[in-house]
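# Remarks on the overall topology
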Amino acid sequence: MPGGRRGPSRQQLSRSALPSLQTLVGGGLSNGTGPRSRSSNSVGLSAPPLTTLITPEPVRHSRIPELPLDSTLLFEFLLFLYLLVALFVQYINIYRTVWWYPHSHPAASTSLNFYLMDYHLAIFITVMLARRLVWTIVSEASQTSPSSLVQYVLLIVARLSLLTLCGWVLCWTLVNLFKTHSVLNLLFLGYPFGVYVPLCCFHQEGRTQPAKTDCGFSEQDGTESSLLRPKDFLALLRENLREQFSSPTHVPAHTCPPSPELIRSEVEELKSDFNRRIKEVLFNSLFSAYYVAFLPLCFVQNTQYYDMRWSCEHLIMVWINAFVMLMSQLLPPSYCDLLHRSAAHLGRWQRLEHGSYSNAPQHVWSESTIWPQGVLVRHSRCLYKAVGPYNVALPSDVSHARFYFLFHKPLRILNLLIGIESSVVLYQLYSLLRSERWNHTLSLGLILFCNYYVLFKLLRDRIVLGKAYSFPLSGNSLGLKSQ
């Protein structure tokens, strides 16, 4: 009616009846972390308890069975055996002969030109490839507790004898190589170590540098970032060589941390451990391919002919196979499941463009809040949307987003390894069908025999884990563990 008392408008009812969405996800407005009030006429209704309206679902984990894994000593022996086979194959490709010609025109009396081979180089390469196996034997012997003084003395003598023998053989081969080859060729012998020192020894995981944001603004502007004190060069070299010769012993455990700070701390520890394992995989695979397939080519005489394309192809295949073997050993299914569980607690944020979702409620990101899926937050003048069902990651931290992308699907690493190894096997089978030379047929047959074993282990793990992770997640299930 004209002149009558008007009731509240629809816009005022909608603003006063609904609680602030910051209270839905468990944030406080008194500390300045809530959204700005658009109206000064807000009704003083009592806010509902925190996290009572929108509570993130508890993270439940699938329990996977214990899959058999090769012991460290067995794996190092199999890897050394594979590298010896690959080295033998490369020597066949380089020094082969045409021994099947008629006797009236003999080209050679043997299948290989043994007189052209440098035995000192072959022994040197064999000792370098056996370095991990020797160190594993020494480490396993050191961990055994002798029951008597005699056994203890025998263990010490055996370890010293083994290390002394390897050192003497290396020195003997190097002296003979110095006598017969130029200095330029000898520089190839230690090239991997010269690359490893600057690339790996000077990398420090402990530097606490402020993370760069996508919008060019950092909340830590104006504050001095404290860096850890740099270590001495010899200490860095000693530490990295110890990591190089020893397999990872300490594996961080996942305990379903209740607080966001503990979750991020666990992710940082797992990320550092994963990067160290990847560094070990990359270096050892490249090291193996270099000494097996590339170094013999550097010492070939100028008058010796060999198939360059086939030798380079063998180099790539050795690197890929060594990479897959090391990845499957250093990143077993139990370790990948550990990373997957931590990524499920971490979550991920998707950066949105300015102007999008302008009418939706937006909140200021808080490091002590567990954000549910679909919530919009502002951090470092950027707008982000929660992607995971459980989100405690730092929105501007690219490493958190990368960690979630790699491990939120537990079978991603395993599927990648299966795809790589299957492609290699299929290509080698295709090359075997088209091969017309005896050395190609023999080489492919020997390498395929090794690849079948690796592919079998990967497919076995994929079938078992696929069924385990496809089990429905429910709180009453015996095969699940909830937070």
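Whatever comes next refers back to the structure up there.
A brief report on the enclosed structure follows.

Moving on, we get to empty space enclosed by the protein. One pass over the full model with this rule turns up seven cavities of 30 Å³ or more. When its volume is computed, the largest cavity comes out at roughly 210 Å³. Leu 331, Pro 332, Pro 333, Leu 414 and Asp 461 are, among the 21 residues lining the largest cavity, the residues nearest its centre. Secondary structure elements with two or more residues in the lining of the largest cavity: α11 (308-330), α12 (333-346), α14 (412-434) and α15 (438-469). With seven residues, α15 is the single largest residue contributor to the lining of the largest cavity. Looking at side-chain class alone, the lining of the largest cavity contains 15 nonpolar, two polar and four charged residues. Considered as a void within the structure, the second largest cavity measures approximately 120 Å³ in volume. What lines the second largest cavity is simply Val 89, Asn 93, Trp 310, Glu 313, His 314, Met 317, Tyr 427, Gln 428, Ser 443, Leu 444 and Ile 447. Going through the elements one at a time, α3 (72-95), α11, α14 and α15 are the ones with two or more residues in the lining of the second largest cavity. For the lining of the second largest cavity, the element with the highest residue contribution is α11, accounting for four residues. Class assignment of the residues belonging to the lining of the second largest cavity gives a composition of six nonpolar, four polar and one charged.

A few words now on the nonpolar core. Membership of the largest hydrophobic core comes to 90 residues, with the highest contact counts inside it found for Leu 121, Ile 125, Leu 189, Tyr 291, Leu 295, Trp 349 and Phe 403. Looking at this core, the element that brings in the most residues is helix α10 (residues 260-298), giving 14 residues. Excluding residues that lie within four positions of it along the chain, Phe 403 makes contacts with Val 267, Leu 270, Lys 271, Leu 339, Ser 342, Ala 343 and Leu 346.

Positive phi is not limited to glycine here, since Ser 380 has a value of about 55°. Within the chain, Arg 381 stands out as a residue other than glycine whose phi angle is a positive 65°. Checked against the element boundaries, Arg 381 lands in the loop between β4 (376-379) and β5 (382-386).

An α-helix turns once every 3.6 residues. As a result, residues three or four positions apart point the same way. Looking only at helix α13 (residues 398-407), the buried set comprises Ser 399, His 400, Phe 403, Tyr 404 and Phe 407. On an axial view of α13, the arc spanned by its buried residues comes to 135°, and they lie on one face. Looking at the buried residues of α13, the elements they touch are α10, α12 and α14.

With that settled, the discussion passes to the pairing of β5. Across the five residues of β5, four count as buried, placing the element largely inside the fold. Sheet analysis places strand β2 (residues 349-352) next to β5, joined by four bridges and oriented antiparallel. Within the sheet, the bridge partner assigned to Trp 349 lies in β5 and is Ala 386. Looking at chain direction, β4 and β5 are connected through four bridges and run antiparallel. Bridging from a neighbouring strand, Arg 378 pairs with Leu 383 of β5. Here β4 folds back onto β5 in antiparallel fashion, the turn holding two residues, of which Ser 380 has a positive phi close to 55°.

Here we take up a nonpolar patch on the surface. A surface patch of nonpolar side chains, amounting to about 640 Å² of accessible area, comprises Phe 114, Tyr 119, Ile 123, Leu 165, Trp 168 and Trp 172. Every element with two or more residues in the nonpolar patch is listed here: α4 (119-129) and α6 (149-180). The biggest single contributor to the nonpolar patch is α6, with three residues. Within the secondary structure layout, Phe 114 lies in the loop between α3 and α4.

The N-to-C vectors of α3 and α15 enclose an angle of 170°; their axes lie 9 Å apart at closest approach. With respect to α15, the axis of α3 lies roughly antiparallel. Side by side, α3 and α15 meet where Leu 78, Tyr 82, Val 85, Ala 86, Phe 88, Val 89, Ile 92 and Asn 93 of the first sit next to Trp 438, Asn 439, Leu 442, Ser 443, Leu 446, Ile 447, Cys 450, Asn 451 and Tyr 453 of the second. Split into classes, the residues belonging to the contact of α3 with α15 amount to 13 nonpolar, four polar and no charged.

Conventions adopted
- Residues numbered from 1 in each chain as written.
- Predicted model: local features only at pLDDT ≥ 70, side-chain atom pairs only at ≥ 80, totals over all residues.
- Heavy atoms only, no water.
- 1 Å grid on protein atoms, 1.4 Å probe; cavity = no way out; pocket = protein on both sides within 12 Å on 5 of 7 lines; lining within 4 Å.
- Points joined across faces, edges and corners; volume = space filled by probe spheres on them.
- Helix = DSSP H or I, 4+ residues; strand = E, 2+ residues; numbered from the N terminus.
- Nonpolar A, V, L, I, M, F, W, Y, C, P; charged D, E, K, R; others polar.
- Core = buried A, V, L, I, M, F, W, Y, C linked by side-chain atoms within 4.5 Å.
- Buried < 20%, exposed > 50% of the residue type's maximum accessible area, 1.4 Å probe, protein only.
- Contact = heavy atoms within 4.5 Å.
- Arc of directions from axis to C-beta.
- Pairing = 2+ DSSP bridges.
- Patch = residues over 30% accessible without salt bridge, like charges linked within 9 Å, V, L, I, M, F, W, Y side chains within 5 Å.
- Areas by Shrake-Rupley, 256 points an atom, 1.4 Å probe, with all protein chains shown as cover.
- Salt bridge = Lys/Arg side-chain N within 4 Å of Asp/Glu carboxyl O.
- Axes fitted to C-alpha atoms, helices over the stretch in contact; angles between N-to-C directions.
- Parallel < 35°, antiparallel > 145°, perpendicular 65-115°, else oblique.

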